[in-house]
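# Structure assessment
Given next are the chains, with one letter for each unit.
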Amino acid sequence: MSTAMDTESTYSGYSHYSGHSKKAHRQGRDRHKSPRSKDGSRSEKSVTIQTPPAEPLLGNDASRAEEGQDDNWGETTTAITGTSEHSISQEDIARISKDLEDSVGLDCKRYLGLTVAAVLGLLVFLTPIAFILLPQILWRDDLEPCGTVCEGLFISVAFKLLILLIGTWALFFRQPKADIPRVFVFRALLLVLIFLFVFSYWLFYGVRILDTKDTNYQGIVQYAVSLVDALLFIHYLAIVLLELRQLQPMFAVKVVRSTDGESRYYSLGHLSIQRAALVVLENYYKDFTVYNPALLTASKSRAAKHMAGLKVYNVDGPGNNASGQSRAMIAAAARRRDSSHNELYYEEADHERRVKKRRARLVVAVEEAFTHIKRLQAEEQQKAPGEMMDPREAAQAIFPSMARALQKYLRTTRQQQYHSMESILQHLSFCITNNMTPKAFLERYLNPGPTLQYDKDRWFSKQWTLVSEEAVTSGLQDGVVFVLKCLDFSLVVNVKKIPFIKLSEEFIDPKSHKFVLRLQSETSV
């Protein structure tokens with residue numbers, strides 16, 4: 001209990017770090033400023049819809065903010081975050097509701113496609129069995145005896161259907177990873193081919209066997225076996241088109257994030273634009289560092305401060321024709337006197353110095369904390385079993401000693417919105433449970449990791465829009481450019497074809513590797 005109280009008191013002292021107190025103050029101010037009509041109803045004005053703010057690193061003032069809220073706070077509060085603000089009107093809200101209905105329609109289309117594929121697959125597996133059973137049910141007494149040959153064909157059909165069932169399950173029955181805007185062309189062509197194939201077999205079976213009541217049962221069974229063999233070949237064609245065709249690299253794509261310019265290169269095979277976009281996004285979440293808009297505010301604020309420091313005066317008066325020329329001369333002189341590069345140099349140098357200083361303090365604090373928990377473990381082993389500490393209690397015991405150093409480092413590197421107190425405690429408990437070193441614990445915080453490393457609530461990219469001048473179902477070609485947009489940034493993808501490489505061979509005789517040592521007279525050898 002003392003450990004928990006120490007932890008709670010430590011975070012209550014750092015609660016000013018959180019941005020929730022500011023948000024509560026703004027909520028109260030907006031609540032008093034919200035215009036109301038005489039009957040008490042709120043007037044119709046534009047509202048601001050934002051992404052929910054992340055849980056702060058140290059402390060949580062949400063409980064104190066809730067104490068000052070009235071019963072109607074949900075109707076009068078405007079949510080504000082530090083990332084982005086989007087003010088929309090009532091018409092925009094109606095459009096958003098329409099988009100939600102369209103998304104529901106897309107889900108219905110997706111489930112409709114799955115239903116059609118499942119019904120077609122069931123028809124494919126039941127067709128050979130129906131071909132064999134229908135003559136036995138309708139005109140069994142008129143059939144010619146088949147004997148051992150038919151029994152062997154029955155076993156062949158059974159095992160081939162089992163193999164086809166397992167192959168179909170492995171190839172087609174997968175959980176979808178994403179919703180694509182257009183239909184997958186090759187899969188649709190395969191479904192159409194299977195439908196036409198089964199339909200033609202049923203048509204021939206109805207005309208030549210059912211209508212005439214053919215008595216050659218061995219021929220009927222062989223007809224069913226031929227259908228199963230053809231289905232196995234179609235399954236092999238599906239493997240080639242859906243899996244093997246795209247394995248050989250044919251294109252090199254460069255992916256650039258529009259905000260900070262971070263880029264990666266990937267090799268892709270023969271894919272459509274929409275499927276290439278899926279591959280790019282799958283690699284983006286694990287290869288690109290997480291998008292941090294706080295890192296971009298420093299350059300914007302520096303540019304704004306520089307522009308605010310420039311003043312232009314029209315010394316010739318508004319009626320003089322030379323006013324434009326004088327403004328150009330003043331601007332040129334201001335550019336000559338500009339020393340923003342020096343400010344940038346010293347600002348970056350000072351930031352690096354502060355980061356290195358606080359990083360060193362954090363490393364020392366974490367190493368001391370882990371030494372303390374090791375000492376606690378050695379002492380706890382001699383105590384009674386009821387007094388042993390679990391990893392969660394051990395993490396809560398050592399966390400206050402490193403909390404301030406970690407808080408300052410995350411604030412300096414602008415990573416505080418990605419790490420909540422609960423997530424840090426969970427990571428610390430995980431490291432203690434698996435006997436990890438302080439360096440392994442700090443790896444997550446010293447360097448920004450990929451997007452998958454963080455909780456989904458702190459992602460700035462969840463829903464993407466594909467923008468392309470070419471049809472998204474067309475294949476990749478040299479020079480194709482498409483863009484993947486999300487709320488705050490976009491990924492620009494440039495496709496280049498891998499060049500044809502001409503490799504020649506040159507043979508060197510191993511006996512030619514002979515050398516002569518030349519000695520000069522003045523040498524001592």
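Keep in mind it's a predicted model, so treat the numbers as computed, not measured.

## Here's the deal with the pattern of salt bridges
Summed over all chains, the structure comprises 8 salt bridges. The partner of Arg264 in a salt bridge is Glu262, with the nearest N and O atoms 3.0 Å apart. For Arg264, a relative accessible area of 28% corresponds to the partly exposed category. Residue Asp350 pairs with Arg354 through a salt bridge whose shortest N-O separation is 3.2 Å. Pair noted here: Asp350 and Arg354 are both in helix H12 (residues 340–380), with a separation of 4 residues, about one helical turn. In this structure Asp350 comes out as partly exposed when scored by relative accessible area, which is 31%. Each of Arg257, Asp260, Glu262 and Arg264 takes part in one network of salt bridges that share partners.

## Let's talk about helix H13 (residues 391–412)
The periodicity of an α-helix, 3.6 residues per turn, causes residues three or four places apart in sequence to face the same way. Taking 1.5 Å of rise per residue, 22 residues should cover 32 Å, and H13 covers 29 Å from first to last C-alpha, within 8% of that figure. Along H13, the helix axis deviates most sharply at Met402, where the bend reaches about 50°.

## Notes on the state of the cysteines
Tallied over the full model, the rule gives 1 disulfide. Shown here is the disulfide that connects Cys146 with Cys150, its sulfur atoms set 1.3 Å apart. Between Cys146 and Cys150 the disulfide shows an S-S torsion of about 90°. By sign, it is right-handed. Since its relative accessible area comes to 19%, Cys146 is described here as buried. The class of Cys150 is buried, set by a relative accessible area of 2%.

## Thoughts on the confidence of the model for the chain
Of the residues in the chain, 66% have a pLDDT of 70 or more, and the chain-wide mean is 74. Summarising per-element confidence for the chain, the mean pLDDT is lowest in strand S1 (residues 47–48) (32) and highest in strand S3 (residues 251–257) (95). Throughout residues 1–104 the model reports pLDDT below 50, and contacts reaching past four residues in sequence, or to other chains, amount to 102 contacts.

## A short note on the sheet that holds S3
What the 5 strands build is an open sheet, ordered S4-S3-S7-S6-S5; its pairing is antiparallel. Looking at which strands have only one partner, the edges of the open sheet turn out to be strand S4 (263–268) and strand S5 (465–468). Pairwise comparison of adjacent strand axes, ignoring direction, gives a mean angle of 25° for this sheet. With 7 bridges connecting them, S3 and strand S7 (residues 490–497) associate as antiparallel partners.

## Considering the pairing of strand S6 (residues 481–485)
Side-chain direction in a regular strand flips from residue to residue, so the side chains alternate between the two faces of the sheet. Pairing between S5 and S6: 4 bridges, direction antiparallel. Each bridged residue has a counterpart across the sheet, and for Thr465 the counterpart in S6 is Lys485. What sits between S6 and S7 in their antiparallel hairpin is a turn of 4 residues.

## A few points about the packing of helix H14 (residues 421–433) against helix H15 (residues 438–446)
Direction vectors running N to C along H14 and H15 enclose 150°, while the axes themselves pass 9 Å from each other. Classified by the angle between their axes, H14 and H15 sit roughly antiparallel to one another. Where H14 crosses over H15, the handedness of that crossing is right-handed. From H14, Ile424, His427, Leu428 and Cys431 reach across to H15, where they touch Ala440, Phe441, Arg444 and Tyr445. Looking at side-chain class alone, the contact of H14 with H15 contains 6 nonpolar, 1 polar and 1 charged residues.

## Concerning the packing of aromatic side chains
Given two aromatic rings, their pairing is described by the distance between the two centres and the angle made by the two planes. Under the defined criterion, the tally for this structure stands at 21 aromatic pairs. Ring geometry for Phe131 against Tyr223: centres 5.5 Å apart, planes inclined by 35°, an arrangement best described as tilted. Here Phe131, found in helix H5 (residues 90–138), pairs with Tyr223, found in helix H8 (residues 217–244); they are 92 residues apart in sequence, far enough to count as distant. Classification of Phe131 as buried rests on a relative accessible area of 0%. Their ring planes at 70° and their centres at 5.6 Å tell us that Tyr284 and Tyr285 sit as a pair that is edge-to-face. Of the aromatic side chains, those joined through ring pairs into one cluster are Phe131, Phe197, Tyr201, Trp202, Phe204, Tyr205 and Tyr223. Between the NZ or CZ atom of Arg257 and the centre of the ring of Phe489, over which it lies, the distance is 5.9 Å. Positioned over the ring face of Phe288 is Arg264, at 5.2 Å from the centre of the ring.

Analysis parameters
- Residues numbered from 1 in each chain as written.
- Predicted model: local features only at pLDDT ≥ 70, side-chain atom pairs only at ≥ 80, totals over all residues.
- Heavy atoms only, no water.
- Salt bridge = Lys/Arg side-chain N within 4 Å of Asp/Glu carboxyl O.
- Buried < 20%, exposed > 50% of the residue type's maximum accessible area, 1.4 Å probe, protein only.
- Helix = DSSP H or I, 4+ residues; strand = E, 2+ residues; numbered from the N terminus.
- Expected span 1.5 Å × (residues − 1).
- Bend = angle between axes of the 7 residues up to and from the residue.
- Disulfide = S-S within 2.5 Å.
- pLDDT = per-residue confidence, 0-100.
- Contact = heavy atoms within 4.5 Å.
- Pairing = 2+ DSSP bridges.
- Axes fitted to C-alpha atoms, helices over the stretch in contact; angles between N-to-C directions.
- Parallel < 35°, antiparallel > 145°, perpendicular 65-115°, else oblique.
- Left-handed = near helix turned anticlockwise from the far one by under 90°.
- Nonpolar A, V, L, I, M, F, W, Y, C, P; charged D, E, K, R; others polar.
- Phe/Tyr/Trp six-rings, centres within 6.5 Å; stacked < 30°, edge-to-face > 60°.
- Lys NZ or Arg CZ within 6 Å of the ring centre and 35° of its normal.

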